[in-house]
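Notes for the structure review
These are the residues of each chain, in order.
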Amino acid sequence: METDTLAMAQEIDFSMLALFARATLTVKIVMIMLIIASFWSWAIIIQKFINFRRARGESQQFDQAFWSGEPLDELFDTIGAEPASASERIFSSGMLEWRRSHRDDGRLIAGAQARIDRSMDVAIAKEAEDLNGGLSFLATVGATAPFIGLFGTVWGIKHSFEQIAISQNTNLAVVAPGIAEALLATGMGLVAAIPAVVFYNKLSADSDRIIGGYEAFADEFATILSRQLDA
């Protein structure tokens with residue numbers, strides 16, 4: 001009897017494709033959802049690494065130009081009406097409000113400092129929204145994928161027990177395939193969730209550092225303009 005069971009078990013294909021093909025429709029849907037979520041998560045992760053690296057490079061390049069000693073008006077004119085980087089957009093928003101705050105006689109309109117600060121705050125908020133875009137999806141996948149996979153496992157095991165009851169056979173060769181198919185869903189849920197959680201934490205920290213750099217620059221720039229306002 002044990003020899004027959006072993007022979008039957010050896011004939012069963014336990015590859016991932018075979019397990020997926022034998023799974024019930026509900027479990028297949030769960031697996032497809034997890035596969036899509038995993039690919040989408042990796043696409044966001046790769047895109048964010050590229051975007052963050054570019055943002056850091058552009059910020060360093062702009063800092064060199066800003067602190068080079070070139071007059072701010074000339075730097076603003078060089079950047080033009082369509083700034084290419086986030087740092088340039090923040091700087092341009094402050095400079096644009098600075099110029100708008102001047103009257104025809106050269107005097108400043110009251111409340112210029114507050115308006116300049118608000119303009120740069122709005123620009124920083126827009127850049128932060130772009131940097132953080134997609135991170136909420138990673139958080140959602142990290143939080144829900146294990147439970148979605150667990151649902152697929154529970155459903156698969158339920159179906160396996162139903163098949164055992166119908167066949168009236170508790171042979172390991174009959175039970176094992178159904179259990180393996182069910183557990184595959186949990187495994188796929190963890191495969192989707194673990195990278196999403198790890199890189200969400202990593203990318204969130206990187207985003208906070210980049211945004212902190214923008215805020216520090218805005219404070220320094222506001223200080224420079226404040227000196228000119230006081231003068």
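Just so you know, these numbers come straight off a predicted model, no measurement behind them.

Here we look at the packing of helix α5 (residues 86-100) against helix α6 (residues 112-132)
At their nearest, the axes of α5 and α6 sit 8 Å apart, and the two run at 155° to each other. Between α5 and α6, the angle falls in the class roughly antiparallel. The element α5 and its partner α6 pack so that their crossing is right-handed. Contact with α5, carried on its side by A86, R89, I90, S93, G94, E97 and W98, involves R115, I116, S119, M120, A123, I124 and E127 of α6 and no other residues of that element.

A word on α6
In an α-helix, one turn spans 3.6 residues, which is why side chains three or four residues apart end up on the same side. Taking 1.5 Å as the rise per residue, α6 with 21 residues should run 30 Å; its terminal C-alpha atoms sit 30 Å apart, in good agreement. Among the residues of α6, A112, I116, S119, M120, A123, I124, E127, A128 and L131 are the ones counted as buried. G134 lies just past α6 and shows a positive phi near 95°.

Brief notes about the pattern of salt bridges
Across all of its chains, the model carries four salt bridges by this definition. Where R115 meets E97, a salt bridge forms, and the shortest distance between an N and an O atom there is 3.2 Å. In this pair, R115 sits in helix α6 while E97 sits in helix α5, placing the two residues 18 residues apart along the sequence. Assessed through its relative accessible area of 14%, E97 is described here as buried. Among the ionic pairs, R209 bridges to D206, the shortest N-O distance being 2.3 Å. Residue R209 and its partner D206 are located together in helix α8 (residues 172-230), separated by three residues, close to a single helical turn. A relative accessible area of 55% places R209 in the exposed class. On the basis of relative accessible area, D206 is assigned to the buried category, the value being 5%.

Comments concerning the packing of aromatic side chains
Applying the stated rule across the entire model yields 14 aromatic pairs. Between the aromatic rings of F66 and F221, the centroid separation amounts to 5.8 Å while the plane-to-plane angle is 90°, which identifies the pairing as edge-to-face. Of this pair, F66 sits in helix α3 (residues 25-66) while F221 sits in helix α8, and the two are 155 residues apart along the sequence. The same class applies to F66 and to F221, which are both buried. A network of ring pairs unites the aromatic residues F62, F66, W67, F76, F91, F217 and F221 as a single cluster. Positioned above the aromatic ring of W155, the side-chain terminus of K158 is 4.6 Å from the ring centre.

What counts and how
Residues numbered from 1 in each chain as written. Predicted model: local features only at pLDDT ≥ 70, side-chain atom pairs only at ≥ 80, totals over all residues. Heavy atoms only, no water. Axes fitted to C-alpha atoms, helices over the stretch in contact; angles between N-to-C directions. Helix = DSSP H or I, 4+ residues; strand = E, 2+ residues; numbered from the N terminus. Parallel < 35°, antiparallel > 145°, perpendicular 65-115°, else oblique. Left-handed = near helix turned anticlockwise from the far one by under 90°. Contact = heavy atoms within 4.5 Å. Expected span 1.5 Å × (residues − 1). Buried < 20%, exposed > 50% of the residue type's maximum accessible area, 1.4 Å probe, protein only. Salt bridge = Lys/Arg side-chain N within 4 Å of Asp/Glu carboxyl O. Phe/Tyr/Trp six-rings, centres within 6.5 Å; stacked < 30°, edge-to-face > 60°. Lys NZ or Arg CZ within 6 Å of the ring centre and 35° of its normal.

Structural measurements only, silent on function.
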